[in-house]
Structure formats: C-alpha cells, structure tokens
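# Observations on the three-dimensional arrangement
Next come the chains, spelled out residue by residue.
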Amino acid sequence: REPWRTRLIALANSQEFRAIQLNYAKTIGDLALSICNKYNLKSERAFALAFDIGVQNGGVKAKTDLRIAYRASSDVSEKDRMALIANAVANDSNTRWIEDVRSRKLAIVNGSGTVHGSFINIDEEYGLTDNPF
C-alpha cells in the first residue's frame, strides 16, 4: 500500500541501505564459512544450510555443537552430517519453532521439502547443487 510501497522501494535503492545489507550478508557469510570449516562441509548445499543457520538461528549453540561433535565422524557422508546438524539445530530451537526450523533445514539438505505448508524444490528454484562452493 502506498505510501509504504514507494518508500520501501526508495529505501531498498539507497546506497546507505545497500551498504547495511551487504555488511550483514558478509557477517552471515563469514559465520556460514566458519560453520562449514568446523564441520568439514564443502558443497553449495552445505554453505546454504550454514548460511540459513546463521540467519535463522544466529549460529550453532555451544550445547548443539557438543551434540554434533559427539555424533559426527569423518566417515559420515556430508549429507548425513548436514542432516545431523539440521536436526541438532532444530532440536535446540525454541520449542514452539522446532518443527518449523527442522522442515526448513531439511528442505535445504534434501533439495526439496514442505516449508510453511508449501512444497518447495530448492534445487530447481535456486540452482542449488552438491558441487563445491
């Protein structure tokens, strides 16, 4: 609705606002990279999961990290590590949002899934792959 539509478009087009967005994206990107490095994740899909964890959860909590470290090993496939991380992050989320967090994370891990009641195919819609990032 006007006048908000015009104001929001103007805000999104301003250099100052774009700089704020880029700074935030870099911060989350750096966090995602550290998550990937910590858990030896190499794929675009893994980076997307790590980025989503940064945005939605603020990172991996210390108690969650202990659970992941206890269950993960180097002989576990990347996809299995990602599912373990996704489930651990979901399990340590606010009780009200556990299944919402889980469905979102597992849709990234699996390439598709139902999120907020709608089926999404992340691979097709966003070109996500298992290639190295």
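Anyway, here's the lowdown on the structure attached to this text. Here the structure is a predicted model, which is why all the values come from computation and not from measurement.

The secondary structure content of the protein chain amounts to 7 helices and 2 strands. Each helix and strand of the protein chain, placed in order from N terminus to C terminus, yields the pattern α-α-α-α-α-α-β-β-α. Dimensions of the protein chain, computed from the C-alpha atoms along their principal axes, are close to 55 × 30 × 30 Å. Per-residue burial over the protein chain gives 33% buried out of 133 residues. Put simply, 58% of the contacts in the protein chain that link residues at least 6 apart link residues at least 24 apart. Accessible area of the protein chain: about 8,600 Å², with a carbon and sulfur share of 55%.

Our focus in this paragraph is unusual backbone geometry. The peptide bond linking Glu2 to Pro3 adopts the cis configuration, its omega dihedral lying at 10°. Note that Pro3 resides in the segment before α1 (4-13). Phi is positive for Asn40, which is not a glycine, with a value near 55°. For Asn40, the location among the structural elements is in the loop between α2 (15-38) and α3 (44-57). For Asn40, a relative accessible area of 43% translates into the label partly exposed.

Quick notes on the rules
- Counting restarts for each chain: residues are numbered from 1 in the order of the written sequence.
- Per-residue local features of the predicted model are confined to residues with pLDDT of at least 70, and side-chain atom pairs are confined, for both listing and counting, to 80 or more; whole-chain, interface and lining totals are unaffected and use all residues.
- The basis for the side-chain values is all heavy atoms of the structure; hydrogens and waters are excluded.
- Per the convention used, a helix needs a DSSP run of H or I reaching at least four residues, while a strand needs a run of E reaching at least two, with both numbered from the N terminus.
- Burial classification: accessible surface area is computed with a 1.4 Å probe over protein chains only, and a residue below 20% of its type maximum counts as buried, one above 50% as exposed, and the rest as partly exposed.
- Any two residues whose heavy atoms approach within 4.5 Å at even a single point are treated as in contact.
- Accessibility throughout is a Shrake-Rupley quantity obtained with a 1.4 Å probe, and a residue counts as covered only by protein chains that appear here.

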